[in-house]
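Commentary on secondary and tertiary structure
This is what each chain is made of:
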Amino acid sequence: MFSSIRVKYSLILSSAKLVKRNYKGNHNAVELTKDRYKIKRNNYSVINDKDISFFENQIGKSYVVTNSDDIEGNNIDFLRSCRGNSQLLLKPKNEIEISQILKYCYSRNLAVCPQGGNTGLVGGSVPVFDEIIISLQRLNEIYSVDEITGIITCGSGCILENLENEAKNHGLRFPLDLGAKSTCQIGGNASTNAGGLRVIRYGSLHGSILGIETVLASGNILDLMSNFKKDNTGYHLKHLFIGCEGTLGIITKVAVLCPAISSSINVAFIALPSFEAVLKTFVKAKKYLGEILSACELIDEISFKRSVETFNLNPPISGYPFYMLIETSGSNNKHDEEKFNIFLNNGMENGEILDGTFTGEPGKISEIWKIRELVPVSLIEDGYCFKYDISLPLRDFYKIVLVMRERMKNFDVDVCGYGHIGDSNLHLNVACKGFSQDIYRKIEPFVFEYTSKLKGSVSAEHGIGFLKTKYLPFSKSDEAINLMRNIKTMLDPKNILNPYKVLPQE
Ligand code: FAD
Ligand code: 2HG
Ligand code: ZN
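Please read all numbers here as calculations on a predicted model, not as lab measurements. (Residues numbered from 1 in each chain as written. Chains lettered and ligands numbered in written order. Predicted model: local features only at pLDDT ≥ 70, side-chain atom pairs only at ≥ 80, totals over all residues. Heavy atoms only, no water.)

Attention shifts here to the state of the cysteines. Using the criterion set out here, one finds 0 disulfides in the structure. Left without a disulfide partner, C113 is nearest to the cysteine sulfur of C82, which lies 10 Å away. Sulfur of C258: no disulfide; nearest cysteine sulfur belongs to C154 and is 9.0 Å away. (Disulfide = S-S within 2.5 Å.)

The textbook angles at a metal center are 109.5 degrees for a tetrahedron of four donors and 90 or 180 degrees for an octahedron of six. Looking at the zinc ion (ligand 3), one finds its protein donor set to be H420 (NE2), H427 (NE2) and E461 (OE), positioned 1.8 to 2.1 Å from the metal centre. Read in sequence order, the donor residues for the zinc ion (ligand 3) give the motif H-x6-H-x33-E. Of this pair, H427 sits in strand β16 (residues 425-432) while E461 is found in the loop between α17 (446-453) and α18 (478-491), placing the two residues 34 residues apart along the sequence. You'll find H427 and E461 in the same group, each marked buried. (Donors = N, O, S within 2.8 Å, 3.2 Å for Na, K, Ca; no water. Helix = DSSP H or I, 4+ residues; strand = E, 2+ residues; numbered from the N terminus. Buried < 20%, exposed > 50% of the residue type's maximum accessible area, 1.4 Å probe, protein only.)

Moving on to helix α4 (residues 95-108). Over its 14 residues, α4 extends 20 Å from the first C-alpha to the last, a length consistent with the 20 Å expected when each residue adds 1.5 Å. Of the positions making up α4, those classed as buried are E95, E97, I98, S99, I101, L102, Y104 and C105. Taking the backbone nitrogen of I96 as reference, a side-chain oxygen 3.1 Å away marks N94 as the first, capping residue of α4. Phi for N109, located one or two positions after α4, is positive at around 60 degrees. (Expected span 1.5 Å × (residues − 1). Polar contact = N/O pair within 3.5 Å; in protein donor to acceptor, adjacent residues only side chain to side chain.)

Okay, the site of ligand 1 next. Around ligand 1, the structure places 37 residues, and the nearest of them are P114, G116, T119, G120 and S191. One of the backbone nitrogen or oxygen atoms of G117 is found 2.8 Å away from an oxygen atom of ligand 1. Contact distances for ligand 1 include 2.9 Å between an oxygen atom and a side-chain N or O atom of N189. Here ligand 1 is seated within the largest cavity. Every element with two or more residues in the shell around ligand 1 is listed here: β3 (112-115), α6 (186-192) and β9 (250-257). Take the shell around ligand 1: its biggest share by element is 5 residues, from α6. Here the shell around ligand 1 is composed, by residue class, of 12 nonpolar, 23 polar and 2 charged. (Near = heavy atom within 4 Å. 1 Å grid on protein atoms, 1.4 Å probe; cavity = no way out; pocket = protein on both sides within 12 Å on 5 of 7 lines; lining within 4 Å. Sits in = over half its atoms within 2 Å of the grid points. Nonpolar A, V, L, I, M, F, W, Y, C, P; charged D, E, K, R; others polar.)

Here you go:
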């Protein structure tokens, strides 16, 4: 019986603000992107005093930042893998001001980099050279929450966690959830088509975002706001901006469809002896938990240890090669618990589940979730981490971690794998003391060649950004990339929106 499994809760967890990093005085440690990756600047204009005066007149002096100390955090990405050298940060308050900024930049041939919470993991959110950073942080108004339809309409600068809380206040569950929720913004989420922890249940943002407003490179405002799931009036243009990573337009507003909050949420954190047992357990989770399954996550031994040790956690179980976090969200706790029990007992009887804990208490659920959510941060806490976010066929899902471990055995690195196994999305991480060209070259392009041979995706959810542009051809045909280029040229003929990102350099 699963109830015989040890249940111990004494996790003392750090604050939920996971992703604020302090760069003050430390930024020189991060090499400039242009030097590390040998990039040539496109032929854009350079900002001058007249440009600064124009922006000050348009959006107000206090929202035009030119002091380099105040910009340094915006020049460096969360992973400290990319560093630009922008001399100008603009903080407009709405789509009208963004439109004025872009019209001007277009006429002056000035490049820009849109920035949300700067939690992106592929170097897309920071400039490569001196692009003007346009922060969306002031577009943070929640315009409406419709309890009947479940639609939340808000500015693109709203922090994800605030939207989650507001949704909860209205009996709704925000369909997106991820470890950076305290810092990332819905506009950044939309423009990366962020996946996160519950895609298995609620699908991707392509489905949840019903309407979007975007400012184009020309400065024209494209209003695609809609409150309807069903709208087959020609080409579905909103999808171009969801996942475009700021290269086709600056998102200023979204309408998101939220499901009703579930009255019964349960979580199991279980230990498994092998990856084969993980696969069997996933199949059984779908079979026994079916429509109430809302998350299915994998954590391997090293990921688990890093999270637990870095954040001094006291996990309910330990000492196993694999762990899974399985969550259900339903409307009848008695039924849900029954289903969960059958599933867990079956797994234990067959030796696929060795140990675990099961709870429906919200406090305990969030403690368990933190073991998983803190893994990515634990891997960068005292050094650097090469992060790969790939889709792979489930049969071959974990093999690459073992292959990479063998490949990297002469380096002082930790190779681990975790992620959204329910969506075939592996996070392969190689954690080390600091960035090294030798380690970098040993991993890349190998990891993408390997992924491509298995017909996987070189970016399952984080996007292409700056760091993966060279590898786009490993997942997209020439024909597809040409079409992407044509779309980019049509919408942004001067290539001023987030240049050097997404499309490979020609
Ligand atoms: P930023 O990082 O600021 O920007 C990301 C990209 O979007 C950039 O190209 C930027 O130019 C563009 N952009 C930002 N705002 C706009 C806008 N309004 N209009 C147009 N372009 C814009 N990602 C996942 O998919 N799933 C996860 O589970 C997940 N977990 C994470 C956990 C941690 C601890 C961290 C640090 C990151 C995680 N991420 C995850 C990555 C990251 O949080 C997401 O990519 C997120 O969507 C980025 O949002 P942001 O507001 O920080 O955007
Ligand atoms: C997650 O699922 C994020 O935790 C981050 O997508 C993954 O850092 C990573 O590799
Ligand atoms: Zn993820």
